[in-house]
Amino acid sequence: MNAETTTRAQELRNELVDKIIEGRERRGLTLPADVERALRIVPRELFIPGVSLEEAYANTAVVTKRREDGVNISSVSAPHLIADMLGQATGRHILEIGSGGYNAALLREIAGPSGSVTTVDIDSDVTDRARACLDAAGYADVEVVCADAEFEIEPGRRYDLIIVTVGAWDVPPAWISQLSDGGTLVVPLRTLGMTHSWALQRTGNQLISRSNLTCGFVPMQGAGASKGREVPLGDGVNLWLTEAHQDVDGALLHGVFSNERHEVSSGVIVPSGRRSSDLDLWLASHVPGFAVMIAQTSAIDSGLVDPSWQYGTPASVHGATLAYRGRLRQVADAEFEYVAYAHGPDGARAAEEMAEQIRAWDRAGRPVPILHVTAIGTPDTDLPEGLVLDKRHSRVVFTWPAA
């Protein structure tokens, strides 16, 4: 790479980091100094060979491998998402689950001279590529392992930070056993159809959250893979179900959008740019029959549905009735109101029920949930009071402390 190209890459890198910082400030977040430093140092273009510098420093994910059917199974994540997860926790001895190379290089900068980074992936194509890119970028001391991270990588070895960069449905025992007491697991965990990056601190044999952020990642492969279920509602709209207890009779919902749309204003006002992830989790915990609605652009453009977010709107099912949170309604400059919609024979009540839960969240002080993760055999009497989800290996509990 000649001097002119190197200079241009550094300029683009700094512009990207400046945009990430601005975006976080709009959300009330700061970027830790060690994360900012790493983002300004590591040459992302060396981990995405074959694309232009402008593409390498766009704030978007870059797909690096697809299945034969075109589904993305490996990518270099969007820089703003990487910054979000790195901002949730730092460590000196780090295990990364899901390898691409770029994030491992950032972690190596954060870990410092006395630290260590191990990155693991189930796909040898991915690990071979990560090894080559890390070597080219000067990070030969990052350990690259090809293995299924559902299981311990090196029995007896402990890390003070484990960061997972693939979408997980469960927390296997190996992630807890490899984590030092007091250490942090940062994981994009899918619950009730929604994926949040949780920073979970180990206390004894359980994990308790310190923060969460909305995110999205390619799904985990291997023994930890888990498939959700889609319930088609017709014309480009589906319900997405991921937990065993979610039981929806799609036949009852056939033609649901042909019914009158009931609309209820919540009266809850939020500023422009407000993220709704905590409210999403509140609704998942408090609204009976919760599900996630996903809509294609055609269904939105036609006016069939008007969701709060195309790729994951909170919804609820009551037999042949569907309710969901609608798009924020502008009520003043930079101020918006939550609304609820419903279709079906019990639409008026269902829309009011969702709107009332939005108000309840507001009355409670718009709280941030705490996530507890314990082993699957933990008795109910040893769990905190809240919404309990039983996974394959763990019991996940959402609690809502007073604001």
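Scroll up to find the structure.
Below: a short report on this structure. (Residues numbered from 1 in each chain as written. Predicted model: local features only at pLDDT ≥ 70, side-chain atom pairs only at ≥ 80, totals over all residues. Heavy atoms only, no water.)

Moving on, we get to the side chain of Asp280. Among the structural elements, Asp280 can be located in helix α8 (residues 277-286). Not counting residues up to four positions away in its chain, the partners in contact with Asp280 are Met194, Phe290, Pro314 and Arg325. (Helix = DSSP H or I, 4+ residues; strand = E, 2+ residues; numbered from the N terminus. Contact = heavy atoms within 4.5 Å.)

The next thing to look at is the pairing of strand β6 (residues 159-164). Within a regular beta strand, the side chains point alternately toward one face of the sheet and then the other, so they alternate between its two faces. With five of its six residues buried, β6 lies for the most part within the structure. Relative to β6, strand β3 (residues 93-97) runs parallel, the two sharing four bridges. Paired with Ile97 across the strands is Val164, a residue of β6. Pairing of β6 with strand β7 (residues 179-191), which is carried by four bridges, proceeds in the parallel orientation. What sits directly across from Ile163, in β7, is Val186. (Buried < 20%, exposed > 50% of the residue type's maximum accessible area, 1.4 Å probe, protein only. Pairing = 2+ DSSP bridges.)

Right, let's get into the sheet that holds strand β5 (residues 143-146). Neighbouring strands of a sheet are bound in pairs by backbone hydrogen bonds; such pairs are parallel or else antiparallel. One open sheet accounts for ten strands, arranged β5-β4-β3-β6-β7-β8-β9-β18-β20-β19; its pairing is mixed. Edge positions in the open sheet fall to β5 and β19 (387-390), since each of these has one partner strand only. Averaged over all pairs of adjacent strands, the angle between their axes in this sheet comes to 20°, without regard to strand direction. Contacts between helix α4 (residues 79-88) and the sheet are confined to β6, β7, β8 (194-203) and β9 (206-214), with β9 contributing the most and set at about 150° to the helix. The strands touched by α8 are β7, β8, β9, β19 and β20 (394-399); relative to β8, the strand with the most contacts, the crossing angle is about 85°. (Axes fitted to C-alpha atoms, helices over the stretch in contact; angles between N-to-C directions.)

Of all ten residues making up helix α5 (residues 102-111), ten are buried, and the element is well covered by its neighbours. All of the buried residues in α5 are Tyr102, Asn103, Ala104, Ala105, Leu106, Leu107, Arg108, Glu109, Ile110 and Ala111. Phi turns positive one or two residues past the end of α5, at Gly112, with a value near 80°.

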